[in-house]
Amino acid sequence: TNEIGRKQDFPIPAGVHAERVVSVKHYTDRLFSFRITRPQSFRFRSGEFVMIGLPNAEKPVFRAYSIASPAWDEELEFYSIKVPNGPLTSELQKIAPGDTVLLRQKSTGTLVNDALSPAKRLYMIATGTGIAPFASLIRDPDTYDKFDEIVLTNTCRDVAELHYGNELIEALRADPLIGELVAERVRYYPTTTREDSPVKNRITTLIESGQLFSDLGVEPLDAAHDRVMICGSLDMIRDVKELVEKAGLAEGSNAAPADFVVERAFVG
Ligand code: A2P
């Protein structure tokens, strides 16, 4: 048994943090979020991902998860899909407060402020759980130092899947410390593809047609004032990347910051 008395059949592997689940929230039969304790020594940059697993096997399965909480937070938040026969998520979706989650020690990733040069506007383009790294970045004051305006788009199949993002934005707007700042500088643009909602379309279609920009009342994409971060399915990333490159934006990295960065959201 571990320190909280639950049965634990396998030892914690060397070099891995064993953390405690603080809370779990289920949004749909496909989506849930959870928060775990954060080791004091665990440092990361907002937008990065880390490998997480469960202590339920001799060699636990680890998967890359974007950290959804900002770098200043005392806990770590994750937003996950539930894959029916997924090697990790089929078990992970059953966690409850007090359970143990394994966390590898190093975080990494390209969706970080360091990989972009400063600009007037930052677009965060997400589909599904691809919103997770943006949930981190949008709660980090550094993001507001670097960009005047942030546009968060999230495209999901149906309205219920937008819940996590809606809740994130509501909480930000109600925050006594940065609520006012956010009200002026964050634009939220949720869309659905398989159920009616105020905007029913894929983000690629909305960029191509120009509707995204006319709805927001802003100029079309231009490297002179815009930066873009993209996170979601492989297909979406490929298609949005093509569109932003067509608009003249160049891909950035930690070593050479530029106009846009991409990362594939965790899939299974
Ligand atoms: P669609 O419903 O038309 O497939 P998923 O839940 O499967 O990860 O998808 C999340 C969202 O991403 C869905 O709304 C889906 O739209 C959309 N999507 C999938 N592929 C692309 C793509 N290539 N370009 C833009 N959006 C996409």
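Rules behind the numbers
- Residues numbered from 1 in each chain as written.
- Predicted model: local features only at pLDDT ≥ 70, side-chain atom pairs only at ≥ 80, totals over all residues.
- Helix = DSSP H or I, 4+ residues; strand = E, 2+ residues; numbered from the N terminus.
- Rg over C-alpha atoms; globule rule 2.2 N^0.38 Å.
- Buried ≥ 20, exposed ≤ 12 C-beta atoms within 10 Å, placed from the backbone.
- Contact = placed C-beta atoms within 7 Å.
- Near = placed C-beta within 6 Å.
- Nonpolar A, V, L, I, M, F, W, Y, C, P; charged D, E, K, R; others polar.
- Expected span 1.5 Å × (residues − 1).
- Arc of directions from axis to C-beta.
- Core = buried A, V, L, I, M, F, W, Y, C linked by C-beta atoms within 7 Å.
- Domains from an automatic or database assignment.
- Pairing = 2+ DSSP bridges.

K.L.:
Pulling in residues and values, what's your account of the overall build of the protein chain?
P.N.:
The number of helices and strands found in the protein chain is eight helices and eleven strands. A compact globule built from 268 residues should have a C-alpha radius of gyration of about 18 Å, and the protein chain, at 19 Å, falls within 12% of that. Taken along the three principal axes of its C-alpha coordinates, the protein chain extends 60 × 40 × 35 Å. The buried share of the protein chain, reckoned over its 268 residues, is 41%. In the protein chain, of all internal contacts separated by at least 6 residues, the share reaching a separation of at least 24 is 73%.

K.L.:
Tell me about the site of the ligand, residues and numbers included.
P.N.:
Around the ligand lies a shell of 15 residues, among which Thr127, Gly128, Thr193, Asp235 and Met236 are the nearest. Where the shell around the ligand is concerned, the elements lending two or more residues are strand S8 (147–156), helix H6 (203–209) and helix H8 (234–246). Looking at the shell around the ligand residue by residue, the classes come out as three nonpolar, seven polar and five charged.

K.L.:
Describe the environment of Glu48, listing the residues and the values that go with them.
P.N.:
Relative to the helices and strands, Glu48 is located in the loop between strand S2 (31–37) and strand S3 (49–53). Residues contacting Glu48, with those up to four places away along its chain left out, are Ile67, Ser107, Thr108, Gly109 and Val112.

K.L.:
Tell me what's going on with H8, and back it up with residues and numbers.
P.N.:
The terminal C-alpha atoms of H8 lie 18 Å apart, and with 13 residues this matches the ideal 18 Å at 1.5 Å per residue to within 8%. The set of residues buried in H8 consists of Met236, Val240 and Val244. Down the axis of H8, the smallest arc covering the buried residues is 55°, so these residues share one side. Along H8, the residues that are exposed and aim more than 90 degrees away from the buried face are Leu234, Asp235, Glu242 and Lys246. Where H8 is buried, its residues contact strand S7 (119–127), H6, strand S10 (226–232) and strand S11 (260–264). Just downstream of H8, Gly248 is the residue with a positive phi angle, here 95°.

K.L.:
Can you break down the nonpolar core residue by residue, with the values?
P.N.:
Ranked by size, the top nonpolar core spans 57 residues in total, and within it Met124, Ile125, Phe134 and Met229 carry the most contacts. The leading source of residues in this core is S7, at five residues. The residues that make up this core include at least three from each of domain 1 (16–104) and domain 2 (113–264). Not counting the four nearest positions on each side in its chain, Met124 is found in contact with Phe134, Leu137, Ile150, Val151, Leu152, Thr153 and Met229.

K.L.:
Break down the pairing of S8 for me, with residues and values.
P.N.:
S8 sits mainly inside the fold: eight of its ten residues count as buried. One ladder, built from eight bridges, connects S7 with S8; its direction is parallel. Residue pairing for S8: Ala126 is matched across the bridge by Asn154. Relative to strand S9 (residues 186–192), S8 runs parallel, the two being bridged by seven bridges. Within S9, the residue paired with Asn154 across the bridge is Pro190.

K.L.:
Talk me through the domain arrangement of the protein chain; I want residue IDs and the actual numbers.
P.N.:
Along its sequence, the protein chain is organised into domain 1 (16–104) and domain 2 (113–264). On a C-alpha basis, the centroid separation for the pair domain 1 and domain 2 is 24 Å. When residues of the side of domain 1 that touches domain 2 are traced back to their parent elements, those giving at least two are S2 and strand S5 (75–81). It is S5 that provides the largest number of residues to the side of domain 1 that touches domain 2, a total of four residues.

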